Amino acid sequence: MNVSTIAEFIAVLFMLIGAIMAVISAIGIIRFPDIYTRSHAGTKSSTLAVLLTLLGAFLYFVTTIGFVSVRLLLGIIFVFITSPVAGHLITRAAYRAKVKLADTTIEDELADVLNEKERSEGK
Amino acid sequence: MPAQFLTNLFIAFLWTLFQDEDYFKFTTFVTGYIVGIGIVYLMHRFFGERFYLGRFYAFLKLLLIFISELIQSSYLVLKHILSPKIRIKPGIFKYETILESDVEVTALAMLLTLTPGSVVIEVTPKGDTFYIHGMDVEESKEMLLRSLSKFEKAIMEVTR
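Keep in mind that this is a model prediction, so the values were computed, not measured.

### Structural notes on the interface of chain B and chain A
Residue-level contacts link 37 residues of chain B with 36 residues of chain A. Around 3100 Å² of area is buried between chain B and chain A when both sides are counted, 73% of it from carbon and sulfur atoms. Seen at the junction of chain B and chain A, the total is two salt bridges. For the salt bridge of Arg 92 of chain A with Glu 122 of chain B, the shortest nitrogen-to-oxygen distance reads 3.3 Å. There are eight residue pairs in polar contact (both at pLDDT 80 or more) connecting chain B and chain A. Every element with two or more residues in the side of chain B that touches chain A is listed here: helix H3 (52-82), strand E1 (91-96), helix H4 (102-114), strand E2 (118-123), strand E3 (129-134) and helix H5 (137-159) of chain B. The element best represented in the side of chain B that touches chain A is H3 of chain B, accounting for eight residues. Partitioned by chemical class, the residues of the side of chain B that touches chain A number 21 nonpolar, 10 polar and six charged.

As structure tokens, this is what we get:
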């Protein structure tokens, strides 16, 4: 077992973990009760999954053919930058559109603030 | 800050010239830059400001903290998904941050939203209060607050 085999093994391991996480977060999207909890599974665990997969591909190319793929690195950076914005905007829009929270929700400190604001704007 | 960087570059150039090689070698330049880092670090007090790579080091530390939080909380979320019965008590709670400038607040909101188990739903127009949706407030609120203050500290080290 030489160095490149070990590196290949690590790259494949990264991709495998990424793929498994993607599947699990897809299951999470189905199983969770409301949009807010679903966004936890949908936007973030899957971000990590994509990152791991890309990292695995990057490592594979570097170690086997010695090719440093800048595009893969850029992909990682941009996924990192854009996915939290998307997650924030989706949940924010959902809250503004008065999508109901799940029945198990135990606290909601935002409701009073927003309602008050709307009342004062309505006057 | 730029003065330190320029001094460092200058030392690197001097180093390259003193080597008296036939043509410009990038590796020699890098060696000179590394030597320059040592010299600038020893005399950064005389510039009257903090060492310019200190900020870089703080950024690296922030990145490490973020990665460890990411792994820990993803593990929690995946555990919740795979548990036979989903017993989570989500909720929205308020958090007042001590960070001030726009960059700091944006960075905190972004790091927080990237960490599974918490989404920033609203930021007040003033930018000092977050409304955070936690996936399991009852159990993990303590943990969330702890990682929040960790992030805050790390961000402040980078920007101030």
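### Description of the pairing of E3 of chain B
All names here are of chain B. For E3, a buried count of six out of six residues is recorded, marking the element as mostly surrounded by other parts of the structure. Of the two faces of E3, the one carrying Thr 129, Tyr 131 and His 133 and the one carrying Phe 130, Ile 132 and Gly 134 are both buried. Note that E1 and E3 share six bridges and pair antiparallel. Counterpart to Tyr 95 in the pairing with E3 is Phe 130. Pairing of E2 with E3, which is carried by five bridges, proceeds in the antiparallel orientation. Looking at E3, one finds that Glu 122 is bridged to Tyr 131. Between the end of E2 and the start of E3, which pair antiparallel, lie five residues, with Gly 127 showing a positive phi angle near 85 degrees.

### A word on the pattern of salt bridges
All chains considered together, the criterion is met by five salt bridges over all chains. Here Arg 96 of chain A and Glu 122 of chain B are joined by a salt bridge, their closest N and O atoms 2.6 Å apart. With Arg 96 of chain A in helix H3 (residues 70-96) and Glu 122 of chain B in strand E2, this pair bridges two chains. According to the relative accessible area criterion, Arg 96 of chain A is partly exposed, its value standing at 37%. Taking the shortest distance from any N to any O, the salt bridge between Glu 69 of chain B and Lys 150 of chain B comes out at 3.0 Å. One end of the pair, Glu 69 of chain B, is in helix H3; the other, Lys 150 of chain B, is in helix H5, with 81 residues separating them in the sequence. Several salt bridges converge on common partners, so that one network encompasses Arg 92 and Arg 96 of chain A together with Glu 122 of chain B.

### A closer look at the sheet that holds E3 of chain B
Read across the sheet, four strands follow the order E1(A)-E1(B)-E3(B)-E2(B) without closing on themselves; strand pairing throughout is mixed. Strands with a single pairing partner mark the edges of an open sheet, and in this sheet they are strand E1 (107-108) of chain A together with E2 of chain B.

### Description of the packing of helix H1 (residues 2-19) of chain B against helix H2 (residues 26-42) of chain B
Two measures define how a pair of helices packs: the angle their axes make with one another and the distance between the axes. All names here are of chain B. Where H1 meets H2, the closest approach of the two axes is 7 Å, and the angle between their N-to-C directions is 130 degrees. By the angle between their axes, H1 is oblique relative to H2. Every pair of crossing elements has a handedness; the one defined by H1 and H2 is right-handed. Across the interface between the two elements, Gln 4, Phe 5, Thr 7, Asn 8, Leu 9, Ile 11, Ala 12, Phe 13, Trp 15, Thr 16 and Gln 19 of H1 pack against Thr 28, Phe 29, Thr 31, Gly 32, Tyr 33, Val 35, Gly 36, Ile 37, Ile 39 and Val 40 of H2. Class assignment for the residues of the contact of H1 with H2 results in 12 nonpolar, nine polar and no charged.

### Thoughts on the UniProt feature "transmembrane region" (unreviewed entry) in chain B
All names here are of chain B. Per the UniProt record, "transmembrane region" (unreviewed entry) is found at residues 23-44 and 56-78. Measuring from the first to the last C-alpha atom of residues 23-44 gives 32 Å, for a span that is 77% helix and 0% strand. The straight-line gap between the two end C-alpha atoms of residues 56-78 is 33 Å; of that span, 100% is helix and 0% is strand.

### With respect to the domain arrangement of chain B
Accessible area lost when the parts come together is the quantity often used to give the size of an interface. Domain annotation of chain B identifies domain 1 (2-47) and domain 2 (52-159). Just the C-alpha atoms count here: the centres of domain 1 of chain B and domain 2 of chain B sit 39 Å apart.

### Re the packing of aromatic side chains
Residues and elements named next belong to chain B. Summed over the entire model, instances satisfying the criterion amount to seven aromatic pairs over all chains. Among the aromatic residues, those joined into a cluster by ring pairs are Phe 13, Phe 24, Phe 26 and Phe 29. Here Arg 45 stacks its cationic end above the ring of Phe 46, 5.3 Å away from the centre of that ring.

Parameters and conventions
- Residues numbered from 1 in each chain as written.
- Chains lettered and ligands numbered in written order.
- Predicted model: local features only at pLDDT ≥ 70, side-chain atom pairs only at ≥ 80, totals over all residues.
- Heavy atoms only, no water.
- Contact = heavy atoms within 4.5 Å.
- Buried area = accessible area lost by both parts, 1.4 Å probe.
- Salt bridge = Lys/Arg side-chain N within 4 Å of Asp/Glu carboxyl O.
- Polar contact = N/O pair within 3.5 Å; in protein donor to acceptor, adjacent residues only side chain to side chain.
- Helix = DSSP H or I, 4+ residues; strand = E, 2+ residues; numbered from the N terminus.
- Nonpolar A, V, L, I, M, F, W, Y, C, P; charged D, E, K, R; others polar.
- Buried < 20%, exposed > 50% of the residue type's maximum accessible area, 1.4 Å probe, protein only.
- Pairing = 2+ DSSP bridges.
- Axes fitted to C-alpha atoms, helices over the stretch in contact; angles between N-to-C directions.
- Parallel < 35°, antiparallel > 145°, perpendicular 65-115°, else oblique.
- Left-handed = near helix turned anticlockwise from the far one by under 90°.
- UniProt positions renumbered as here; feature names shortened; annotations may be inferred.
- Domains from an automatic or database assignment.
- Phe/Tyr/Trp six-rings, centres within 6.5 Å; stacked < 30°, edge-to-face > 60°.
- Lys NZ or Arg CZ within 6 Å of the ring centre and 35° of its normal.

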